[in-house]
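Remarks on the overall topology
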Amino acid sequence: MAKPFFQVDVPITHPAQPDRRGSYVFTGQADSGREAVRIAREVCDAALAAHAAGLDVPRRRPDGWGARGVRPGWEPDWEAARAHAWDAVHGWFTRSRTRAGAPSRHMPGP
């Protein structure tokens, strides 16, 4: 059986301009929300390390997780990161209320 699909939302700020805020969004399969956040952090750290070394940011890992859109110099707040489980419905994904605590929204699939 396939692992559930997660979206991990990570708030980011720019240290030199703290009023500039955004978020990283990572997606992929994991056994739990905690594992999804751990994997998101791994791919983010790998992408930032590659960039700092002057290398290309790695493409998706074999398990589907990747971090092509990270912004060097921005600080992720991993303590505030949230994983949201998704369920396939008619080719779209619906946010689960179990982790997010927010009403369901419809978003396009991966």
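These lines cover the structure that appears in this document, whether it is placed above or below. This is a predicted model, so every value here is computed, not measured. (Residues numbered from 1 in each chain as written. Predicted model: local features only at pLDDT ≥ 70, side-chain atom pairs only at ≥ 80, totals over all residues. Heavy atoms only, no water.)

1. A word on the pairing of strand 2 (residues 17-29)
Within a regular strand, the side chains alternate between the two sheet faces. Looking at chain direction, strand 1 (residues 5-14) and strand 2 are connected through 10 bridges and run antiparallel. By the bridge assignment, D9 is partnered in strand 2 with V25. Between the end of strand 1 and the start of strand 2, which pair antiparallel, lie 2 residues. (Pairing = 2+ DSSP bridges. Helix = DSSP H or I, 4+ residues; strand = E, 2+ residues; numbered from the N terminus.)

2. Regarding the nonpolar core
Ranked by size, the top nonpolar core spans 23 residues in total, and within it V8, Y24, F26, W65 and W78 carry the most contacts. Elements represented by at least two residues in this core include exactly strand 1, strand 2, helix 1 (33-52) and strand 4 (82-89). Sort the elements by how many residues they give to this core and helix 1 lands first, with 7 residues. Those residues within four positions of W65 in sequence are excluded, and the remaining contacts are F6, V8, F26, T27, G28, Q29, A30, A36, I39, A40, V43 and R60. (Core = buried A, V, L, I, M, F, W, Y, C linked by side-chain atoms within 4.5 Å. Buried < 20%, exposed > 50% of the residue type's maximum accessible area, 1.4 Å probe, protein only. Contact = heavy atoms within 4.5 Å.)

3. A word on the packing of aromatic side chains
Aromatic ring pairs are reported here in terms of the distance separating the ring centres and the angle at which the planes meet. Scanning the model with the defined rule gives 2 aromatic pairs in all. With a centroid separation of 5.9 Å and 70° between ring planes, the pair formed by Y24 and F26 is classed as edge-to-face. Given the relative accessible area of 4%, Y24 is considered buried. Its relative accessible area of 2% is what places F26 among the buried residues. Ring geometry for F26 versus W78: centroids 6.2 Å apart, planes at 25°, classification stacked. With a gap of 52 residues between them, F26 in strand 2 and W78 in the loop between strand 3 (75-76) and strand 4 connect regions that are remote in the sequence. (Phe/Tyr/Trp six-rings, centres within 6.5 Å; stacked < 30°, edge-to-face > 60°.)

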